[in-house]
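Chain by chain, the residues:
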Amino acid sequence: MLLEIKKYPDLILRKKCDEVKEVTPEIKKLGEDMIETMIMNEPEGMGLSAPQVGKSIRLIAVQTEKEPTIFINPKIIKKSREKEMMEEGCLSFPGLWLEIKRAKGVEVEAIDKNGKIIKTKTEGLQARILQHEIDHLDGILIIDKISLFKRLKIFKKKM
Ligand code: CO
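Calculation notes
Residues numbered from 1 in each chain as written. Predicted model: local features only at pLDDT ≥ 70, side-chain atom pairs only at ≥ 80, totals over all residues. Heavy atoms only, no water. Helix = DSSP H or I, 4+ residues; strand = E, 2+ residues; numbered from the N terminus. Rg over C-alpha atoms; globule rule 2.2 N^0.38 Å. Buried < 20%, exposed > 50% of the residue type's maximum accessible area, 1.4 Å probe, protein only. Contact = heavy atoms within 4.5 Å. Areas by Shrake-Rupley, 256 points an atom, 1.4 Å probe, with all protein chains shown as cover. Lys, Arg positive; Asp, Glu negative; His and termini not counted. Charge placed at Lys NZ, Arg CZ, Asp CG, Glu CD. Pairing = 2+ DSSP bridges. Axes fitted to C-alpha atoms, helices over the stretch in contact; angles between N-to-C directions. Donors = N, O, S within 2.8 Å, 3.2 Å for Na, K, Ca; no water.

Colleague: Help me understand the overall build of the protein chain in this model?
Modeller: Summing up its helical and strand segments, the protein chain has 3 helices and 7 strands in all. For the protein chain, the N- to C-terminal ordering of α and β elements is α-β-β-β-β-β-β-β-α-α. On C-alpha atoms alone, the protein chain measures out to a radius of gyration of 15 Å, which is about the 15 Å that the 2.2 N^0.38 rule sets for 159 residues. Across the 159 residues that make up the protein chain, the buried fraction comes to 45%. For the protein chain, the share of sequence-separated contacts (at least 6 apart) that also reach a separation of at least 24 residues comes to 67%. Accessible surface computed for the protein chain: about 9500 Å², of which carbon and sulfur atoms make up 54%. With 31 positive and 26 negative side-chain charges, the protein chain shows a spacing of 6 Å between the two charge centroids.

Colleague: Could you clarify how one ought to interpret the sheet that holds strand 2 (residues 59-62) in this entry?
Modeller: Sheet strands line up and pair through hydrogen bonds in the backbone, either parallel or antiparallel. In space, the 5 strands of this open sheet follow the order 1-2-3-6-7, with antiparallel pairing throughout. Where the open sheet ends on each side, the last strands, each with one partner, are strand 1 (47-49) and strand 7 (117-123). The sheet shows a mean angle of 40° between the axes of neighbouring strands, taken without regard to direction. Sheet strands touched by helix 1 (residues 25-40): strand 1, strand 2 and strand 3 (69-79). Its angle to strand 2, the strand with the most contacts, is close to 40°. Sheet strands touched by helix 2 (residues 124-137): strand 1, strand 2, strand 3, strand 6 (105-111) and strand 7. Its angle to strand 2, the strand with the most contacts, is close to 155°.

Colleague: When you look at the environment of Leu11 in this model, what are you seeing that I'm missing?
Modeller: Among the structural elements, Leu11 can be located in the segment before helix 1. In sequence terms Leu11 and Ile100 are 89 residues apart; their C-alpha atoms lie 23 Å from each other.

Colleague: Just checking my understanding: could you explain the side chain of Thr122 for this structure?
Modeller: Its place among the elements puts Thr122 in strand 7. For Thr122, a relative accessible area of 17% translates into the label buried.

Colleague: Just to check I follow, could you spell out the coordination of the cobalt ion for this structure?
Modeller: Think of it this way: four donors in a tetrahedron around the metal ideally sit 109.5 degrees apart, and six in an octahedron ideally sit 90 or 180 degrees apart. Coordination of the cobalt ion by the protein comes from Cys90 (SG), His132 (NE2) and His136 (NE2), over a distance range of 2.1 to 2.2 Å. Between consecutive donors of the cobalt ion, the numbers of intervening residues give the motif C-x41-H-x3-H. Remark: His132 occurs in helix 2 and Cys90 occurs in the loop between strand 4 (83-88) and strand 5 (98-103); sequence separation between them is 42 residues.

This is the structure in C-alpha cells:
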C-alpha cells in the first residue's frame, strides 16, 4: 500500500521518534509499505523513515545492494573519522539537492524484520543513506546540515 509522504515543514518531521518495543505484524506491514512507497516514488527514493509517512517511531527503509530492507531501532555505533561530501536529496524536500558532509563509513546496529539484532558496516552511498535516515528519527533534516547562509538562499528562492 502506498503511503502519503509528509513534506517539509510538516511538524512530525521535527519530532524525536519512539523506540519500537516489539516487532509486531503491524510494524512489518508498515515496513513493507514504506519500501513500496520509497520504490514507487518518482524519483525513486534511496531511503525513507517512519516519521516521513506520519509514524513517529524508529523504523527506516533503505535500498541496499541486494534488496530494499528495513531497520528497526537503528543506531550508529561507530563512525569513520574520515568525512565525505556528496549531493543528497530527501523525499520530504522534492527537488532540493544539497552537498552535505558526512562520515564516510558507519557501523549500524539494528533489529531486522525477524526481530534479530544485526550489525552492518558500510561505506560510501550506503553509509550516507543510513546516516540520513537515522537523522530523521531524531528530527534532523538535510537543511540543518548546511550553513545558515545557504539555507537563507534556498528559502529566498522559494518565496
Ligand atoms: Co530524508
